[in-house]
Amino acid sequence: MNIGEVAQRAGLPAKTIRYYEDIGLVKPPRDANGYRAFRDSDVHKLAFLSRARALGFTIEDCRTLLTLYEDQTRASADVKQLAEAHLHKIEDKITQLQSMRDTLSDLVHSCAGDNRPDCPILKDLAAEQP
């Protein structure tokens, strides 16, 4: 398969596929003419990577997940540990975002939003933080 067909089947842009090849996540063989000759296994790996990235895993996490996926002797505990660590990062980020939302919501509600120059939003942004 050529890169265009693989891109369509895997749901990834060709540029992303080339990047994944450059960093060694996929290694499609080359034809005699130098063109990539993707196999079904490459499409499967790319779809796997697409799903992992959609879940927010880093490139290095994806590299580890691919290694674990390809290791038939892996312990599922290793996969779970990686996923749990990622889940904790997501939960921390959600907590931070909720705090940001609450603070910004309070600031927006405290601002009159009229023609007066007084603005609690700007005052808060200009305040020195401890």
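Note that this is a predicted model, so its numbers are computed, not measured. (Residues numbered from 1 in each chain as written. Predicted model: local features only at pLDDT ≥ 70, side-chain atom pairs only at ≥ 80, totals over all residues. Heavy atoms only, no water.)

Student: Mind showing me how you'd approach the pattern of salt bridges here?
Tutor: If charged atoms from side chains of opposite charge come close, those side chains can pair. Counted by the stated rule, this structure contains nine salt bridges. Note that K45 and E70 form a salt bridge whose closest N and O atoms lie 2.8 Å from each other. Remark: E70 occurs in helix α4 (residues 59–70) and K45 occurs in helix α3 (residues 40–54); sequence separation between them is 25 residues. By relative accessible area, K45 is classed as partly exposed at 22%. Here D118 ties to K123 by a salt bridge, and the two come within 2.6 Å at their closest N and O atoms. You can call D118 partly exposed: its relative accessible area is 42%. Under the relative-accessibility criterion, K123 is labelled exposed at 55%. By sharing partners, the salt bridges in this structure join E21, R30 and R36 into a single network. (Salt bridge = Lys/Arg side-chain N within 4 Å of Asp/Glu carboxyl O. Helix = DSSP H or I, 4+ residues; strand = E, 2+ residues; numbered from the N terminus. Buried < 20%, exposed > 50% of the residue type's maximum accessible area, 1.4 Å probe, protein only.)

Student: What exactly am I supposed to notice about the environment of D31 here?
Tutor: Tracing the backbone through its elements, the reader meets D31 in the loop between α2 (14–22) and α3. On a C-alpha basis, the gap between D31 and R116 in space is 70 Å, while along the polypeptide they are 85 residues apart.

Student: So what exactly am I meant to see when it comes to the packing of α3 against α4 here?
Tutor: Relative placement of two packed helices is described by the angle separating their axes and the distance separating the axes. Relative orientation of the contacting elements α3 and α4 amounts to 135°, with a least axis distance of 10 Å. The pairing of α3 with α4 is recorded here as oblique in orientation. Relative to α4, the crossing made by α3 is right-handed. In contact with H44, K45, F48, L49, A52 and R53 of α3, α4 contributes I59, C62, L65, L66, Y69 and E70. Here the residues of the contact of α3 with α4 are counted per class, giving eight nonpolar, one polar and three charged. (Axes fitted to C-alpha atoms, helices over the stretch in contact; angles between N-to-C directions. Parallel < 35°, antiparallel > 145°, perpendicular 65-115°, else oblique. Left-handed = near helix turned anticlockwise from the far one by under 90°. Contact = heavy atoms within 4.5 Å. Nonpolar A, V, L, I, M, F, W, Y, C, P; charged D, E, K, R; others polar.)

Student: Mind showing me how you'd approach the state of the cysteines here?
Tutor: Note on terminology: disulfide describes a covalent bond linking the sulfur atoms of two cysteines. Scanning the model with the defined rule gives zero disulfides in all. Here C119 stays unpaired: no disulfide links it, and the sulfur of C111, its closest cysteine neighbor, is 3.7 Å away. For C119, a relative accessible area of 15% gives the class buried. (Disulfide = S-S within 2.5 Å.)

Student: What is the right way to read helix α1 (residues 3–10) from this model?
Tutor: Working note: α-helix, 3.6 residues per turn, so residues spaced by three or four point in the same direction. Among all positions in α1, only I3, V6, A7 and A10 are buried. Considered in projection along α1, the buried side chains sweep an arc of 100° and stay on one side of the axis. Contacts made by the buried residues of α1 are with α2 and α3. Put simply, N2 is the residue that caps the front of α1, since its side-chain oxygen is 3.1 Å from the backbone nitrogen of G4. G11 lies just past α1 and shows a positive phi near 70°. (Arc of directions from axis to C-beta. Polar contact = N/O pair within 3.5 Å; in protein donor to acceptor, adjacent residues only side chain to side chain.)

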